[in-house]
4 protein chains.
Amino acid sequence: MTKERFLNIRCQTERICESLQPEDVSAQPAEFVSPPKWHLAHTTWFFEQFVLSSHKQNYKVFHKDFSYFFNSYYNTVGNRVVRANRGTMTRPTLHEVLEYRGYVNKKMAEFLDEIIEPKVYETIEIGLQHEQQHQELLIYDIKYIFGIQPTFPVLDYTIDLKKEDTQQDFVSIPEGVYNIGHQNMDFCWDNELGSHKVYLHQYEISNRLVTNAEYLQFMESGGYTDFNLWHADGWDFIQKHNIKAPLYWYQDEGKWKQYTLQGLKQLDKALPVSHISLYEAFAFAQWNGMRLPTEQEWEVASSYINYGQLWEWTNSAYLPYPNFHKPDGALGEYNGKFMINQMVLRGGSIASPANHVRHTYRNFFQPEMRWLFSGIRLVK
Amino acid sequence: MTKERFLNIRCQTERICESLQPEDVSAQPAEFVSPPKWHLAHTTWFFEQFVLSSHKQNYKVFHKDFSYFFNSYYNTVGNRVVRANRGTMTRPTLHEVLEYRGYVNKKMAEFLDEIIEPKVYETIEIGLQHEQQHQELLIYDIKYIFGIQPTFPVLDYTIDLKKEDTQQDFVSIPEGVYNIGHQNMDFCWDNELGSHKVYLHQYEISNRLVTNAEYLQFMESGGYTDFNLWHADGWDFIQKHNIKAPLYWYQDEGKWKQYTLQGLKQLDKALPVSHISLYEAFAFAQWNGMRLPTEQEWEVASSYINYGQLWEWTNSAYLPYPNFHKPDGALGEYNGKFMINQMVLRGGSIASPANHVRHTYRNFFQPEMRWLFSGIRLVK
Amino acid sequence: MTKERFLNIRCQTERICESLQPEDVSAQPAEFVSPPKWHLAHTTWFFEQFVLSSHKQNYKVFHKDFSYFFNSYYNTVGNRVVRANRGTMTRPTLHEVLEYRGYVNKKMAEFLDEIIEPKVYETIEIGLQHEQQHQELLIYDIKYIFGIQPTFPVLDYTIDLKKEDTQQDFVSIPEGVYNIGHQNMDFCWDNELGSHKVYLHQYEISNRLVTNAEYLQFMESGGYTDFNLWHADGWDFIQKHNIKAPLYWYQDEGKWKQYTLQGLKQLDKALPVSHISLYEAFAFAQWNGMRLPTEQEWEVASSYINYGQLWEWTNSAYLPYPNFHKPDGALGEYNGKFMINQMVLRGGSIASPANHVRHTYRNFFQPEMRWLFSGIRLVK
Amino acid sequence: MTKERFLNIRCQTERICESLQPEDVSAQPAEFVSPPKWHLAHTTWFFEQFVLSSHKQNYKVFHKDFSYFFNSYYNTVGNRVVRANRGTMTRPTLHEVLEYRGYVNKKMAEFLDEIIEPKVYETIEIGLQHEQQHQELLIYDIKYIFGIQPTFPVLDYTIDLKKEDTQQDFVSIPEGVYNIGHQNMDFCWDNELGSHKVYLHQYEISNRLVTNAEYLQFMESGGYTDFNLWHADGWDFIQKHNIKAPLYWYQDEGKWKQYTLQGLKQLDKALPVSHISLYEAFAFAQWNGMRLPTEQEWEVASSYINYGQLWEWTNSAYLPYPNFHKPDGALGEYNGKFMINQMVLRGGSIASPANHVRHTYRNFFQPEMRWLFSGIRLVK
């Protein structure tokens, strides 16, 4: 861990928010969205709470109430602002939150010059990985805040999807016992451990993601109106919310447009389809006579496919690996308690920090979520 | 109508918002609250829509979409942003909205130098009265936005309740036929017309409002736990929301504090009790063996009492006067369509513009509303 | 009070339910509906609780838990089954409830042979009036239980609307002071007292109710799609529930049918329109360029008009008369606590017991209610 | 398939309902409960719809509307009554539904004497298995209908839990490749196919279920108040519904009682704990330092353990086996569309028909469900 790495990652969070207006940063248009200001503060609170207050001599907190304001799920650490109410906290202002960031960065820089115990290094590393996760969530949340407004604002931060290969090939993976899980000394989350064996039956996996062109075909052939293609819960979901297209698609005089962080654009059919729920991914695969991979199939095939454009829905529920152990202390809440009612996505996205795109990374969301950068890869 | 009066009223709206931060102006913590930015824009839209666009030659609207963004209830004029979603519109920014205000003010000032038809003068007058109503709502909304945040911010805008008279006297009004409704040539709302006769039976009305001291007695003697004192709907309301004190009262180590626009303060027992629902006003009167006045009783007694500190709940439903006529056109929507499910308040408050405190003014809200500056006057 | 009168009224309740199946009697398809079995038991509980247990020597209750099961709103008397859950109580069975009725009738008959204090006679009278109110509610509830089922069952109990006069005349009532409220020695409810004076301005009132033919014209000319005709709350109500016609109207191959207690029938255009909310009554009047009467206008005009087919919505909120006094004790809860958020209906209906049709009777419901036997009379 | 087997199974459904009153059979106190009458009719509809109407010459349906009333999830076959409204259909009566059963039984008996194609035999077999599943659901639903009523009725139908072994032993299963899934020629559901290999790591599994005594220890040591033991969703669930004990446990003067189908009884500590959600099972295991088995671990160990008292929650999500194929036609909807948001239970219960207790059977419910006969087996 160098000070430089620490400050680079911290700086990147602010870079993402640079073109936001103060009005933008406390908006919470849906319960699953957190206001950008909250991300800026919460990631900072992590270092104050778990590093500086616990380990730096004579550390004076920036503001005595911030621990209460910016805690997220860490029940162990005390009361917290209920998630659904984050959007009503207009104070502290963006300016004050940026001061908070500056203060904690300065103190952390001092601290990183001291001699630090390995255990504390580990916590700082987790704090940085945690901050990078929030960088990705920031992009989801900003896109949602902007994408449902009639003004369709532009974010000055470039992330672009690339066209998928025109040619679709299927890689065949033979039956057998495979190793799954993180196996080297690099950082990984607790949920990627421990390494274990699985038995896979033969399968073939696509070299590329499903495109907007293919998804349009599904839509035009009545995909959203044929209940036979859908999970029962998925069918209820699209009925209840009157869903007929991916999130951020808008029909304008008969033509499909798509909100991107660069504004409202004509739909580019060569790009991979994005912002779809697991339910939609599943229905598309059913319509196509194929299926989604399991997370083990995906991991074993990962060296034969290109990934990293969009998180790829798998048909695996988010559950502990054999011999999963919950870490001790407050950080032990991190992953284990979410291992129910969610599905695994693999592969990383253009919104992911580079070092979060690895073949063992297990991302997870509820099957109805659409605001993440999600896509579809088929297996047969 | 002088240009000066026009600009003074417009300027006052901005004065109220002067100490708000951009983060504060798009918050909408409850459906009945509108973001301050929306008030700033909506009052401006009124002049653009009903005066400049309709009557000023070659007027060019400031922004083609603002009419869509900042319409409120005027179904006649086109689509509108649903009330509950106003808080998610972070753009246009406060800065842009203030530019919009400046642009429309400039154009209105030019227009006011022209020769204007009486009918248009009337519309401008309505626009100014409308803006003043929103000045009062702005104060309610800002107080709510601030008063539920853990930081309890301060607004740099002074409005203070005064102590009520220590001595309570009751004025006796004899039985007879009385005239009700607005009768001179000054401005009034459609709902104050037409003047008509009512028969009142003898009653006695208090010279002053109920105080915090008296309300505390009600609370301490179990007022919130004795269902016999409450309307059935009122009882359900306080159970459902777990209400045990007026809005903005917080108990801190056994002592009651009250959020004011100057921050969280010790409760001043000599001030009139404020921010109570009709349900609470009714239960208090029941407990006290008295009752609330009707709006006719209030109006007839108005010359014998001091009023203007807090809107006083009456036990009259908001309904049309005999021979009420809905004005033609979009402005006809103004009052008539709200004449159901609401109760009348009389007398004006410290948040009301001075010329809105008149004895015929009919304010109205749902009986559960508490964020307005409301109080209690007793009758026996 | 004779024993015969007591038993006749009690018997009538059972007569209404005679053709119900045991399966029908515990259904509660909406929160405002009570299961028929509950009405049968609750009216009986009234006599057990307020007469026999309190005044008959050595009275032994039929079952110790029935007081808990069949209390309604009388908070004073103890816990009660929450209204919304009445439909889940399948036991006691209909058979047991009828035994309960028989037991209490027998004991009451014995008691009526004793010498009874006047105060207790009053309570018995209230019990009978209360039972008759429930007879009317029973009919509303049975109609609702049957009218929303795909089988449209028939009730063997005849109540028929008659055609309205073809000719519409308007009776003119001159301006002046009038007496309002119950004034003779017959039974009345607390809310009809005390007699008092009102000043009315001149008005003209229709001799007959609005017909299905006239209401169809309103519908066909777009009445349900023109928001200018509606209260804001009324407009929201019909949007939310997708209401386009009165309750129990069903369109079948382009023709309107109406569920009646005799089954699904062709719509008879000469009958008065029924099962409409206040919102619809108000919108119809707006469309027609007229208005609804106030309850005072209705009462003063009552001797000049025919009434008793359908409860007639007035544009008066349900509020206490001057000098209204809440009776002491549990029965004091009867009316006063509902004096908020409801509108008055006058005139009685074909579902009302004959002695409940009187010109001072004040019925009241929330403005969105449609399952009562309601109609429209116009004023200009 | 013999006629006798057909009639025996059909008869058993009626046997379960024998002591129900007509009032009981249309109750639906929660959305996940179906009225007993609906089960009686729906299982009959299956044979009418998929066997008699499709394959029996000149078959005349019992009633033309029953197909509409008693369809469940089979979207393919036409409109259906929305699940949440089943409880409002008081007609057809229980008597009519029993006539319907008799009619269809008679026609099926005739049909079973004819020469039947194998494909149709298969459908009849599915119909019988389907009926048996509903026999189990009937018991869950009756217990729920009775268990939340203040009268706690008794069902005349004996199913009793037995005490668990006092001694707890753990069976050790070695690491290796195992076969999973149904492999012989007996009937099984589509979701038990196809047979496939899995790799399991070494584990130890308890010979018996967790007892009420053990569960009480968990409760008394604060299990329901320590969020560290719970899934985040589980914690929210118990907070929202204020859950502090298994379903049907009632505290009476400091002692725990439990509603059983024989009425309210003292809690028997030697019985296995029942009617717990997956969330509670998981929290209990966390508290105990162990975990729940996966469904594969359970299946492999099944020959070493006693099972069949209670369905045992596994920590496996309900997902398709490798090479799962959705059957063609309406019956294809049967299982596949539920393979999301549910967890697998294994082992059968005292409410299960004997032939439904097999080691490959995959039962599945949402993790919050408690009205099923569920229990806990631990793994370490």
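Procedures and definitions
Per-chain numbering applies: the sequence of each chain, read as written, is numbered from 1 onward. Numbering of ligands from 1 and lettering of chains from A proceed in the order in which they are written. Per-residue local features are limited, in this predicted model, to residues with pLDDT of at least 70; the limit for side-chain atom pairs, both in listing and counting, is 80 or more; totals at the level of whole chains, interfaces and linings are taken over all residues. With hydrogens and water excluded, all non-hydrogen atoms of the structure serve as input to the side-chain values. UniProt positions are given in the numbering used here, feature names are shortened, and annotations may be inferred rather than shown by experiment. Put simply, DSSP marks the helices as runs of H or I at least four residues long and the strands as runs of E at least two long, and each gets a number from the N terminus on. Values of accessible area rely on a 1.4 Å probe in the Shrake-Rupley scheme; residue burial ignores everything except the protein chains shown. Take the number of residues in a helix, subtract one, and multiply by 1.5 Å to get its expected span. Buried residues are those whose accessible area, probed at 1.4 Å on protein chains only, stays under 20% of the maximum for their type, while exposed residues exceed 50% and partly exposed ones sit between those limits. Should any heavy atoms of two residues lie within 4.5 Å, those residues are considered in contact. Least squares is used to superpose the copies, and the fit set is the C-alpha atoms of residues whose pLDDT is at least 70 in both copies. Note on pairing: DSSP must find at least two bridges between two strands before they are called paired. Note on geometry: axes are lines fitted to C-alpha atoms, helical ones only across the stretch in contact, with angles between N-to-C directions running from 0 to 180 degrees. Ring pairs are drawn from Phe, Tyr and Trp, using the six-membered ring of Trp, whenever the two centres fall within 6.5 Å, and their geometry is named by plane angle: stacked under 30 degrees, edge-to-face over 60, tilted for the rest. Throughout, the term roughly parallel applies to angles under 35 degrees, roughly antiparallel to angles over 145, roughly perpendicular to angles from 65 to 115, and oblique to all others. Each crossing gets its handedness from the near helix: less than a right angle anticlockwise from the far helix is left-handed, clockwise is right-handed.

- Looking at an unreviewed UniProt entry, one finds chain A named Ergothioneine biosynthesis protein EgtB and attributed to Winogradskyella pelagia.
- UniProt lists a comment for chain A under the heading Pathway (unreviewed entry), and it reads "Amino-acid biosynthesis; ergothioneine biosynthesis."

**Points about the overall build of chain A**
Phase 1 of the analysis: On a plain count of helices and strands, chain A comes out with nine helices and eleven strands.
Phase 2 of the analysis: Principal-axis analysis of the C-alpha atoms places the extent of chain A at approximately 65 × 55 × 35 Å.
Phase 3 of the analysis: When the accessible area of chain A is evaluated, it comes to approximately 15,200 Å², of which 49% is carbon and sulfur surface.

**Section: helix α2 (residues 36–55) of chain D**
Phase 1 of the analysis: Given a rise of 1.5 Å per residue, 20 residues ought to cover 28 Å, and the 28 Å separating the end C-alpha atoms of α2 of chain D matches this to within 8%.
Phase 2 of the analysis: With 16 of 20 residues buried, α2 of chain D lies mostly within the body of the structure.

**What to know about the UniProt feature "domain: Sulfatase-modifying factor enzyme-like" (unreviewed entry) in chain A**
Phase 1 of the analysis: UniProt feature "domain: Sulfatase-modifying factor enzyme-like" (unreviewed entry): in the numbering of this structure it lies at residues 168–304 and 308–380 of chain A.
Phase 2 of the analysis: In residues 168–304 of chain A, helix accounts for 26% and strand for 23%; the two terminal C-alpha atoms are 13 Å from one another.

**Here we look at the arrangement of the chains**
Phase 1 of the analysis: At their nearest point, the C-alpha atoms of chain A and chain C are still 14 Å apart, with no contact between the two.
Phase 2 of the analysis: Nothing in chain B touches chain D; the tightest C-alpha to C-alpha distance between them is still 14 Å.

**Topic: the relation of the copies chain C and chain B**
Phase 1 of the analysis: Expressed as a screw operation, the relation of chain C to chain B combines 0.0 Å of axial shift with a rotation of 180°, fitting to an RMSD of 0.0 Å. One copy is carried onto the other by what is essentially a two-fold rotation axis.
Phase 2 of the analysis: Taken together, the interface assignments show that 100% of the residues at the interface of chain C recur at the interface of chain B, consistent with an identical surface on both copies.

**Examining the relation of the copies chain C and chain D**
Phase 1 of the analysis: For the match of chain C to chain D, the screw axis carries a shift of 0.0 Å, the RMSD comes to 0.0 Å, and the turn is 180°.
Phase 2 of the analysis: The residues that chain C uses at the interface reappear at the interface of chain D in 100% of cases, marking a shared surface.

**Thoughts on the environment of tryptophan 371 of chain A**
All names here are of chain A.
Phase 1 of the analysis: Relative to the helices and strands, tryptophan 371 resides in the loop between β10 (363–365) and β11 (374–375).
Phase 2 of the analysis: It is 10.0 Å that separates the C-alpha atoms of tryptophan 371 and glycine 147, two residues lying 224 residues apart in sequence.
Phase 3 of the analysis: Not counting residues up to four positions away in its chain, the partners in contact with tryptophan 371 are Phe32, Val33, Leu137, Tyr140, Asp141, Tyr144, Leu247, Tyr248, His275 and Phe365.

**Section: helix α6 (residues 212–220) of chain C**
Think of an α-helix as 3.6 residues a turn; residues three or four steps apart then line up on the same face.
Residue and element names in this part refer to chain C.
Phase 1 of the analysis: Those residues of α6 lying buried are Asn212, Glu214, Tyr215, Leu216, Phe218 and Met219.
Phase 2 of the analysis: Looking at the packing, one finds that the buried side of α6 touches β5 (249–252), β6 (255–260) and α8 (278–287).
Phase 3 of the analysis: Once α6 ends, the next one or two residues include glycine 222, with phi positive near 90°.

**Overview of the sheet that holds β6 of chain C**
Residue and element names in this part refer to chain C.
Phase 1 of the analysis: Overall, antiparallel pairing links the three strands, which are arranged β5-β6-β7 in an open sheet. The open sheet has two edge strands, β5 and β7 (263–266), and neither has a second partner. With direction set aside, neighbouring strand axes in the sheet form an average angle of 35°.
Phase 2 of the analysis: As defined by bridge partners, β6 adjoins β7 across four bridges and the pair is classed as antiparallel. Counted as the bridge partner of threonine 260 is glycine 263 from β7.

**Here's the deal with the environment of proline 150 of chain A**
Phase 1 of the analysis: Mapped onto the secondary structure, proline 150 of chain A falls in the loop between α5 (118–147) and β1 (170–173).
Phase 2 of the analysis: Dropping the residues within four chain positions of it, proline 150 of chain A is found in contact with Tyr68, Phe69 and Met89 of chain B.

**Concerning the packing of aromatic side chains**
Phase 1 of the analysis: Within this structure, the stated rule accounts for 152 aromatic pairs over all chains.
Phase 2 of the analysis: Ring geometry for phenylalanine 69 of chain B against phenylalanine 70 of chain B: centres 6.0 Å apart, planes inclined by 85°, an arrangement best described as edge-to-face. Across this residue pair, the class does not change: phenylalanine 69 of chain B and phenylalanine 70 of chain B are buried.
Phase 3 of the analysis: Cluster of aromatic residues (ring-pair linked, three or more members): Tyr215, Phe218, Tyr224, Trp230, Trp249, Trp256, Phe284 and Trp287 of chain A.

**Thoughts on the packing of helix α1 (residues 3–17) of chain C against helix α5 (residues 118–147) of chain C**
All names here are of chain C.
Phase 1 of the analysis: As a packed pair, α1 and α5 sit with axes 10 Å apart at the nearest point and diverge in direction by 15°. As far as their axial angle goes, α5 and α1 are roughly parallel. By crossing handedness, the relation of α1 to α5 is classed as left-handed. Contacts between α1 and α5 involve Arg5, Phe6, Ile9, Arg10, Gln12, Thr13, Ile16 and Cys17 from the former and Ile124, Glu125, Leu128, Gln129, Glu131, Gln132, Gln135, Leu138, Ile139 and Ile142 from the latter.

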